[in-house]
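Coordinates in review
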Amino acid sequence: MAAPVVLIAEELSPATIAALGPDFDVIHIDGTDRETLRSSLAAADAILIRSATQLDAEAIGWATRLKVIARAGVGLDNVDVKAATQAGVMVVNAPTSNIISAAELTVAHILGLARHLQRAHGSLSAGEWKRSSFTGTELFEKTIGIIGLGRIGALVAERLRGFGVELVAYDPYVTAARAGQLGVELVELDELVARADFLTIHMPRTPETLGMIGEAQLKAMKPTAYVVNVARGGLIDEQALAVALDAGEIAGAALDVFVQEPPKDAVLTGNARINVTPHLGASTDEAQEKAGVAVAKSVRLALAGELVPDAVNVAGGAIDEYVKPGLPLTEKLGQIFAGLAAGPVASLDVEVHGELSQYNVEVLKLAALKGLFSQVVSDPVSYVNAPLYAEQRNVEVRFSADAAAESFRNVITLRGVTADGTRVSVSGTLTGPKQIEKVVEVNGYELELPISEHLIVFSYTDRPGIVASYGGLLGEAGVNIAGLQIARNEKKGTALSVLAIDAPVEAELIERLGEAIGADMLRAIDLIAD
């Protein structure tokens, strides 16, 4: 079997390549060359990029084999996450790789503003000696306002606390207890902008946060105050900032990010009151190496069929080692459920019973959907797009977990209703040191049979001679029965048989089997290997 193809579309550290390991065919390309990108993506299983390569809907459409897009950094402005999700492509990034570097750059900009470092450097470089023109201010006992007390905002707070400053923050998603641990007072935005001597913003760029520091907020600030943005361009309204600086409404600003990069004019970059840097938040050797290594590890996990904690378009997060063996079992149960349903599914309940309920097991819902729709649609199904298929087909999906499991340590049950009102269920478990995957219930009948690639499930009126009847027909057709389980709830009532067979059977033989035993229900189910 050929090794999976991994494209390296931009320059990444040697440690990144080392973290991928020897199991892949690694190809280096220039991701900014669209023709090269198009031709290379056709054979790619994964692609690693930074910020220059544009993976829009068109590019994702070229990549019929692609399973994962890995962005060695935090932002995903150059990736069409929606198009990737619809195509079943996992998108991963490295959300914590640059947090220290970004926090340190923020502190550097605050110190640079306090002591006029950039202007003083420019003056001295021009041959001037104007010490009195650059008298600065101490940070000691000044008020630092932090908008966004997430990972980077929290690191900024920790680093500035040593300067003896007063820390205030605005973040509607942070509790007072968490703020108290950081030595920060939580306040409303209006109060923060009015009190801050230095304001630094650390928010994601969303429709709600764009321009959140605009004309009104800048007018409310002290004329001696400074603003800093190393997060995302546009969080501070650039036009309003230029006006506020010209009017003397604030003393200065420091920007590492811009709405358009590079900036299209010098309104901001040419303003003597603004210290500017060209988006250097993640531009340290350490951050670049951390980002590359992190996404390389994510690519390995994704191509091994596992969920990735840093996947931005897959729910589930980190998976406990105790939970992982349940993923392939639940996928198979999803396929068996689809085979039993033999038609459109209206609702699906995914139930986890036993010791597994003590863990975060919602990922098993994704596994069940992946298994179900792999039997239903012709396009590739992944953990990424399986929920979309459920949404598009109006399948109501519910999930529950509890500690009750009578006969086994853990039981995973898929229970649902088809569009015509038929109720379907299948349960499975893992047994023994080798964690053997077994079916332990079908449509309310208890049984215990190792899961096979090919199954026949049928129900009929219980009576003598049935086993001989279908055994003879299968034998004549050269089909070997590898395992067999018969279940019934009462004598001479309805019985259910599950057969594990060595090879798929023709539809004509299935029809003959049904007629020979007078089957109420008969399904041939062939599991699809991932």
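Keep in mind the model is a prediction, meaning the values are calculated, not measured.

**What about the overall build of the chain?**
Scanning the chain from N- to C-terminus turns up 17 helices and 22 strands. Expected size for 530 residues packed as a compact globule is a radius of gyration near 24 Å; at 30 Å, the chain overshoots this value by more than 25%. The C-alpha extent of the chain, read off along each of the three principal axes, is 105 × 50 × 40 Å. Looking at the chain residue by residue over its 530 residues, the buried ones come to 50%. Contacts spanning at least 24 positions in sequence make up 62% of the contacts within the chain whose residues lie at least 6 apart.

**With respect to a negative patch on the surface**
A cluster of acidic side chains, namely Glu104, Asp285, Glu286 and Glu289, defines a negative patch on the protein surface. Among the elements that take part in the negative patch, helix α12 (residues 285-303) stands out by supplying three residues, more than any other. Relative to the assigned elements, Glu289 resides in helix α12.

**Overview of a nonpolar patch on the surface**
Residues Val467, Leu484 and Ile486 make up a contiguous nonpolar surface patch of about 210 Å² in total accessible area. Along the polypeptide, Val467 turns up in helix α16 (residues 466-476).

**Some details on the nonpolar core**
For soluble globular proteins, nonpolar side chains are generally found buried alongside one another. Formed by 75 residues in total, the largest nonpolar core has its most connected members in Met90, Ile336, Leu414, Val426 and Val442. Not counting residues within four places of it along the chain, the set of residues in contact with Ile336 comprises Val426, Val439, Ile451, Leu455, Ile525 and Leu527.

**Focus: the pairing of strand β17 (residues 436-442)**
A large share of β17 lies buried, amounting to six of its seven residues. With six bridges joining them, strand β16 (residues 423-431) and β17 adopt antiparallel strand pairing. Bridge pairing in β17 places Val426 opposite Val442. Turn length for the β16-β17 hairpin, with the two strands adjacent in sequence and antiparallel, is four residues, and the turn residue Gly432 shows positive phi of about 75°. Looking at chain direction, β17 and strand β18 (residues 445-450) are connected through four bridges and run antiparallel. The partner of Lys438 across the bridge, within β18, is Pro450. Hairpin connection, β17 to β18: the antiparallel pair is bridged by two residues, and Asn443 has positive phi, about 50°.

**As for the pattern of salt bridges**
The final tally for this structure, using the stated rule, is 24 salt bridges. Two residues, Lys67 and Asp45, come together in a salt bridge whose shortest N-O distance is 3.0 Å. A residue pair is termed long-range when its members are at least 10 positions apart, and Lys67 in the loop between α3 (57-62) and β4 (68-71) and Asp45 in the loop between α2 (34-41) and β3 (46-49) qualify at 22 residues. Of the charged contacts in the structure, one is a salt bridge between Glu448 and Lys438, with a shortest N-O distance of 2.9 Å. On the criterion of sequence distance, the pair formed by Glu448 in strand β18 and Lys438 in strand β17 is long-range, its members being 10 residues apart.

**Points about unusual backbone geometry**
The residue after Glu261, namely Pro262, is reached through a cis peptide bond having omega -5°. Secondary-structure assignment places Pro262 in the loop between β11 (252-255) and β12 (274-276). In this structure, Asn394 is a non-glycine residue whose phi angle is positive, near 55°. In this fold, Asn394 is placed in the loop between α15 (386-392) and β14 (396-402). Of note in this structure, Gln435 is not a glycine but carries a positive phi near 50°. Of note, Gln435 is situated in the loop between β16 and β17.

**A short note on the sheet that holds strand β13 (residues 345-354)**
Spatially, six strands are ordered β14-β13-β15-β16-β17-β18 in an open sheet, and the strand pairing comes out mixed. Looking at which strands have only one partner, the edges of the open sheet turn out to be β14 and β18. Recorded for the sheet is a direction-independent mean angle of 20° between the axes of neighbouring strands. The pairing of β13 with β14 spans seven bridges and is classified as parallel. Paired with His353 across the strands is Asp402, a residue of β14. Sheet contacts for helix α14 (residues 363-374): β13, β14 and β15 (410-418); angle to β13, the most-contacted strand, approximately 135°.

**Here's the deal with the side chain of Ser101**
Take Ser101: it is sitting in helix α5 (residues 99-114). Setting aside residues no more than four positions away along its own chain, Ser101 makes contact with Gly281, Thr284 and Ala287.

**Remarks on the sheet that holds strand β20 (residues 481-488)**
The four strands are arranged β20-β21-β19-β22 in an open sheet whose pairing can be described as antiparallel. Two strands in the sheet have a free side with no partner beyond their single neighbour: β20 and β22 (521-526). If you compare each strand with its neighbour and ignore which way they point, the axes differ by 15° on average. Sheet topology places β20 next to strand β21 (residues 494-501); seven bridges connect them, and they run antiparallel. Considered in β21, the bridge of Gln485 is made with Val498. Running over the sheet, α16 touches β19 (454-461), β20 and β21 and is turned about 155° from β20.

**Re the packing of α16 against helix α17 (residues 507-517)**
Packed helix pairs are specified by the crossing angle of their axes together with the interaxial distance, meaning the distance between the axes. For the pair α16 and α17, interaxial distance at closest approach is 10 Å and the crossing angle is 160°. If you check the angle between α16 and α17, you find them roughly antiparallel. The element α16 and its partner α17 pack so that their crossing is right-handed. Residue-level contacts link Ile466, Ser469, Tyr470, Leu473, Leu474 and Glu476 of α16 to Leu509, Arg512, Leu513, Ala516 and Ile517 of α17. Residues of the contact of α16 with α17, tallied by class, amount to eight nonpolar, one polar and two charged.

What counts and how
Residues numbered from 1 in each chain as written. Predicted model: local features only at pLDDT ≥ 70, side-chain atom pairs only at ≥ 80, totals over all residues. Heavy atoms only, no water. Helix = DSSP H or I, 4+ residues; strand = E, 2+ residues; numbered from the N terminus. Rg over C-alpha atoms; globule rule 2.2 N^0.38 Å. Buried < 20%, exposed > 50% of the residue type's maximum accessible area, 1.4 Å probe, protein only. Contact = heavy atoms within 4.5 Å. Patch = residues over 30% accessible without salt bridge, like charges linked within 9 Å, V, L, I, M, F, W, Y side chains within 5 Å. Areas by Shrake-Rupley, 256 points an atom, 1.4 Å probe, with all protein chains shown as cover. Salt bridge = Lys/Arg side-chain N within 4 Å of Asp/Glu carboxyl O. Lys, Arg positive; Asp, Glu negative; His and termini not counted. Charge placed at Lys NZ, Arg CZ, Asp CG, Glu CD. Core = buried A, V, L, I, M, F, W, Y, C linked by side-chain atoms within 4.5 Å. Pairing = 2+ DSSP bridges. Axes fitted to C-alpha atoms, helices over the stretch in contact; angles between N-to-C directions. Parallel < 35°, antiparallel > 145°, perpendicular 65-115°, else oblique. Left-handed = near helix turned anticlockwise from the far one by under 90°. Nonpolar A, V, L, I, M, F, W, Y, C, P; charged D, E, K, R; others polar.

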